[in-house]
Amino acid sequence: MWLVNIWLAQLVLFALSVCGRREIYIVTMEGEPVITYRGGVPGFKATAPISDEKIDTSSEQVLSYAKHLENKHDMLLDLLFDRGTYEKIYSYRHLINGFAAHLSAEQADTLRHVPGVQSVERDWKVRRLTTHTPEFLGLPTGVWPTGGGFDRAGEDIVIGFVDSGIYPHHPSFESQKNDPYGPLPKYRGKCEVDPDTKRDFCNGKIIGAQHFAKAATAAGAFNPAIDFASPMDGDGHGSHTAAIAAGNNGIPVRMHGHEFGKASGMAPRARIAVYKALYRLFGGFIADVVAAIDQAVQDGVDILSLSVGPNSPPATTKTTFLNPFDATLLAAVKAGVFVAQAAGNGGPFPKTMVSYSPWITSVAAAIDDRTYKNHLTLGNGKILPGIGLSPSTHANQTYTLVAANDVLLDASLMKHSSTDCQRPEVLNRNLVEGNVLLCGYSFNFVVGSASVKKVSETAKSLGAVGFVLAVENVSPGTKFDPVPVGLPGIVITDVSKSMDLVDYYNISTPRDWTGRVKSFKARGSIGDGLMPILHKSAPQVALFSARGPNIKDYSFQDADLLKPDILAPGSLIWAAWSPNGTDEANYVGEEFAMISGTSMAAPHIAGIAALLKQKHPSWSPAAIKSALMTTSTKLDRSGRPLQAQQYSETEAMKLAKATPFDYGSGHVNPRAALDPGLVFDAGYEDYLGFLCTTPGIDIHEIRNYTRLPCNTTMGLPSNLNTPSITISHLVKTRTVTRRVTNVAKDEETYVITARMEPAIAIEVNPPAMTLRRGASRTFSVSLTARTVTGSYSFGEVLMKGSRGHKVRMPVVAMGYWR
C-alpha cells in the first residue's frame, strides 16, 4: 500500500508541474454507469433497469449513484492537478462513466497512466449547439411537443416586429417548401415590394412587411441610399430579433467554415409581420414608431415585440405611464395584443428602466449557461486567458510573434494608430507572413471605427497564421464579446495579462541602438476557442440589463409598480443577420451574428408568449403575462438564488444576490407557464384605474389619451391586479387586494403563505381557498412597516395548489414613519 502512496505522491508532484496549451479531452473510467450498474459498490443499490425500459433518473438510487460517480471524477482531478490548471466541463454518469475536461496535453498524458482510467481521447470534433436558448429554456422537449412539435409550434400566431426591418432572403425566414403556409384570414396586413428588385417581401412565413419613415424624412434624417425606403433591414437588428422569436427551426449557423450549431426561434412556426421604423444611423422617431404599432394592431397581430424604447423618461409628460408611445401600447393591449418590450441597457445602475407601464411586459436580460474562452500560450510557458471564437494554431507548434509597431513600412505612421491593425497596407507583409501578428486595442474599438473582424482580415491579407489583440488600457465596465473569425485569433482582455505579453515580447526581442528590431524571438500559440463551455451558475442578470425601481415621473419618483417584469436570455445570442447590416462592425456582410442586449431578451418572451397564445387562444394579454411571471424561477441551474452582475468598488465586475429590481418575478420557465394554475387577469378599465389613482397625473391628461373619465374604485395604484406588489412609501399598514382565476382543468385548493424581510411584516387572508375551474377569488395582503431602514425589503406570496400548481408573486416595499 505504501508503494501505491509513494507512486501517487510522485504522480501528484509531476501533475502540479505541468502546464501547456489546453484542449478538450474525454476520459472514461472503470466502473459501471447508471444504465448498466447492477450493484456491488457498498452503500449503493443497483440502478440498471430489469428490461429494456426507460430509467427513472429522478429515483433516489439513481441520483445517489450518479453523484457517487461524479464525486469520483472530481476527487481524481483534485488529487492530480491544481485547481485553476484544468476545468471539468461535464461528468458522464448515465450512459458512460467518465468526464470531459479542459486539460493540457501533459495533464492528459498523466491521466492515461492512472489506475482506473480506461481511455483519454482528445475531442477533435466540435460539439454542435443550437442558438442554444431553445434548449436552455426547455422548449424542444417541454413545450414544442404540446403544440404539435417544432413544425407546429406557434402555428397561426402572428408576431409583429417594430424594428429595423428584415432580410427576407435569409433561411431563417424561408417558407417551408415541404409544408407551405396557408392563408391566414385574421391577418390583414400588406406586403411592400422591394423598389430595387421588384420582389415581394412576403412568402407565407413573412406575412406582412411595411416601413415607416415619414417623420424621419421630414426631419431630414432619412437617407434612402443607405436606409432603404422599404422593409429591407439596413442594420441587422430587426432580422436578429425576428429570428429569435419566430425563426425557422434547425438552420445551420455557419461562419468562416465552422458550424456553431443550428438556430431556431422560440415559436418556429409563427408568422412574422414586419413594421420597420428604426434605421441604422439615427434610430427612430416616436411618430414613426407609433404609426407602426398602430398599423400592426390594425392588421391583426397577436403579439408585439418591441426592442425599442426612449433613451430617458419622457420630459413632455408628467408621468412615464402616459405618453404617446405608452398610450398607444395601452390601446394595443385593449385590442388583445400582448406586448413584450426591452427593459433597456442602462444597467447595472438603479432606475434605468425605459419600459414603465403595467400593460407592457418589460423584459430584462440574462446570461445563459454558455461561454466561450480561449488562451494564448507564450514561449516562456505562461498561459494567458482571453476570448476569441477561432480555430487554434497547429497542434504542438509555436510561432514567431511580431508586433504591428515593429513591422510598419514607415515609422512615421506610428502616430496614426496603425498598431490597431485596421490598415494592412501600412504593414510589411515580408515580416508578418507566417507569424502571429500582435495588435493593440485602441480607442477606435470603443467608438466603433475599428473592429476585431478587420484585425482578422488584416492578418489574413498579410499571410499571418493568427493574431493577438492586447488590451493595455480600458475604461471600467467595458464589455468584450467573443467575435467569430476565420483564422486563429484572441483578444487578451485582462490588462495585467496583456502586460505579461508585452513584457515577454520586449524581453525576447533584441533591438539596435535606434530601437529597430534585430530579430524576432518571442513565440506563442493560440488555442481553440470554438468549443463552448456550459456552466451551472446560469442564468445571471447581465451587467447591462436595466434595473428598477420603476419611476412614475420625470423627477424619478418611485412608482408603486414593479419593473422589470421578467428575465429572459439576452447575452451572446446567435440569430439571423442582414448582410446589409452595419449595426455591428464585426458582422458586416455576415448572415448570422452573436450579440447582446435586452433587445435580444424581449423577442424571447414574444416567441414564448406566442406558444401560450397558441395553446390558450382565449387568454388576455394580462393572463399571458401573469402565466409567465408567476411560474418563473428565482434559482439558477445549480439551485442557488439568482445572481446579478454588478460593479464593485473598484468598478470591476462582481456578482451580487439579485433582487426583483434586477429580474422582476424571475427567469422565464416556458414549460411551467403553459399550465400556471391561476392567473391574475386585468383589462383596460383596470389600467385606467391605475392611472387615475397614481398621484400627480392630471385627470385631463388621462382623458386626453383614453377618452374616458376617472370613475374608479381601485383606491390606490398598488391595488392593480398585477402578479406583483410594490409599495414605495409604506406608512404603518397597507392592505392590498388581488384576484385570481383558476385556468386549470380541475377544481383545486390553494394554501397561501407569505414571507418578507424583517423590516416589513406581511400577512395574507384567507390562508387557503378552493376554486372551481374558471372561478375567481379575491385575497388580501397586509404589509406593516416595523422599522425604517431607508431601503426596500423583498418578499413573496406563494400559493401552493393541491394538484401541484405553484403560483409565486414578488412583494417589494419600503417603510416610512409617516
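Residues numbered from 1 in each chain as written. Predicted model: local features only at pLDDT ≥ 70, side-chain atom pairs only at ≥ 80, totals over all residues. Heavy atoms only, no water.

K.L.:
Is there a simple way to explain the state of the cysteines in this structure?
P.N.:
Working definition of a disulfide: a covalent bond connecting the sulfur atoms of two cysteines. Tallied over the entire structure, the rule returns 3 disulfides. Residue Cys191 pairs covalently with Cys202 via a disulfide, S to S 1.7 Å. One disulfide, between Cys191 and Cys202, carries an S-S torsion of -95° and so falls in the left-handed class. Residue Cys191 is located in the loop between strand 5 (158-163) and strand 6 (206-211), and its partner Cys202 is located in the loop between strand 5 and strand 6; the two are separated by 11 residues in the primary sequence. When its relative accessible area of 18% is taken as the criterion, Cys202 is described as buried. Taken in N- to C-terminal order, the disulfide-linked cysteines of the chain are connected 1-2, 3-4, 5-6. (Disulfide = S-S within 2.5 Å. Helix = DSSP H or I, 4+ residues; strand = E, 2+ residues; numbered from the N terminus. Buried < 20%, exposed > 50% of the residue type's maximum accessible area, 1.4 Å probe, protein only.)

K.L.:
Got a minute to help me understand the sheet that holds strand 16 (residues 399-403) in this structure?
P.N.:
Each strand in a sheet pairs with another by means of backbone hydrogen bonds, the pair being arranged parallel or else antiparallel. Ordered by their spatial adjacency, 7 strands build an open sheet running 15-14-20-16-17-18-19, and the pairing between neighbours is mixed. In this open sheet, the two strands that pair with only one neighbour each are strand 15 (383-386) and strand 19 (489-492). Pairs of neighbouring strands in the sheet enclose a mean axial angle of 30°, with direction left out of account. Packing of helix 13 (residues 452-461) onto the sheet brings it into contact with strand 17 (436-440), strand 18 (466-470) and strand 19, and relative to strand 18 it is tilted by some 140°. The strands touched by helix 14 (residues 495-508) are strand 14 (374-378), strand 15, strand 16, strand 17, strand 18, strand 19 and strand 20 (523-526); relative to strand 16, the strand with the most contacts, the crossing angle is about 100°. (Pairing = 2+ DSSP bridges. Axes fitted to C-alpha atoms, helices over the stretch in contact; angles between N-to-C directions. Contact = heavy atoms within 4.5 Å.)

K.L.:
Would you explain the UniProt feature "active site" (unreviewed entry) in the chain in this entry?
P.N.:
Mapped onto this numbering, the UniProt entry gives "active site" (unreviewed entry) at Asp163, His237 and Ser599. Judged by maximum C-alpha separation, these annotated positions cover 437 residues in sequence but sit close together in space, the widest gap being only 9.9 Å. Considering the arrangement of structural elements, one finds Asp163 in strand 5. Asp163 sits in the buried class, given a relative accessible area of 2%. Position of Ser599 relative to the elements: it lies in helix 15 (residues 598-615). In contact with Ser599, other than residues within four places in its own chain, are His237, Thr241, Ser307 and Ala342. A polar contact is formed between the side chain of Ser599 and the side chain of His237, at a distance of 3.0 Å. (UniProt positions renumbered as here; feature names shortened; annotations may be inferred. Polar contact = N/O pair within 3.5 Å; in protein donor to acceptor, adjacent residues only side chain to side chain.)

K.L.:
When you look at the packing of helix 8 (residues 237-246) against helix 15 in this model, what are you seeing that I'm missing?
P.N.:
In a packed pair of helices, the relevant descriptors are the angle between the two axes and the axis-to-axis distance. With their axes 7 Å apart at the nearest point, helix 8 and helix 15 run at an angle of 35° to one another. Handedness of the crossing formed by helix 8 with helix 15: right-handed. Counting all contacts with helix 8, which are made through His237, His240, Thr241, Ile244 and Ala245, the residues of helix 15 involved are Ser599, Met600, Pro603, His604 and Gly607. Taken together, the residues of the contact of helix 8 with helix 15 break down into 4 nonpolar, 6 polar and no charged. (Left-handed = near helix turned anticlockwise from the far one by under 90°. Nonpolar A, V, L, I, M, F, W, Y, C, P; charged D, E, K, R; others polar.)

K.L.:
What's the story with helix 14 in this structure? I'm lost.
P.N.:
Quick reminder: α-helices carry 3.6 residues per turn. Residues three or four places apart thus point the same way. Here helix 14 is 14 residues long and its end C-alpha atoms lie 20 Å apart, about the 20 Å a rise of 1.5 Å per residue gives. Turning to helix 14, its buried residues number three or more, namely Ser498, Leu501, Tyr504, Tyr505 and Ser508. On an axial view of helix 14, the arc spanned by its buried residues comes to 125°, and they lie on one face. (Expected span 1.5 Å × (residues − 1). Arc of directions from axis to C-beta.)

K.L.:
Teacher, can you tell me more about the confidence of the model for the chain here?
P.N.:
Of all residues in the chain, 88% have pLDDT values of 70 or greater, and the mean over the chain is 85. Ignoring residues within four places in sequence, the model shows residues 1-19, a span with pLDDT below 50, making 22 contacts including any to other chains. Contacts of residues 123-133 to residues separated by more than four positions or lying in other chains number 38 contacts, the stretch itself having pLDDT below 50. (pLDDT = per-residue confidence, 0-100.)

K.L.:
Sorry if this is basic, but what is going on with the nonpolar core here?
P.N.:
With 72 residues, the main nonpolar core has Ile159, Trp574, Ile605, Leu612 and Leu628 as its most contacted residues. No other element matches helix 15, which puts 10 residues into this core. Sequence-distant contacts of Ile605, that is, excluding residues within four places in its chain, are made with Phe338, Ala340, Thr361, Val363, Ile566, Ala568, Leu628 and Val668. With 46 residues, the next largest nonpolar core counts Val158, Ala277, Leu306 and Ala332 among its residues. (Core = buried A, V, L, I, M, F, W, Y, C linked by side-chain atoms within 4.5 Å.)

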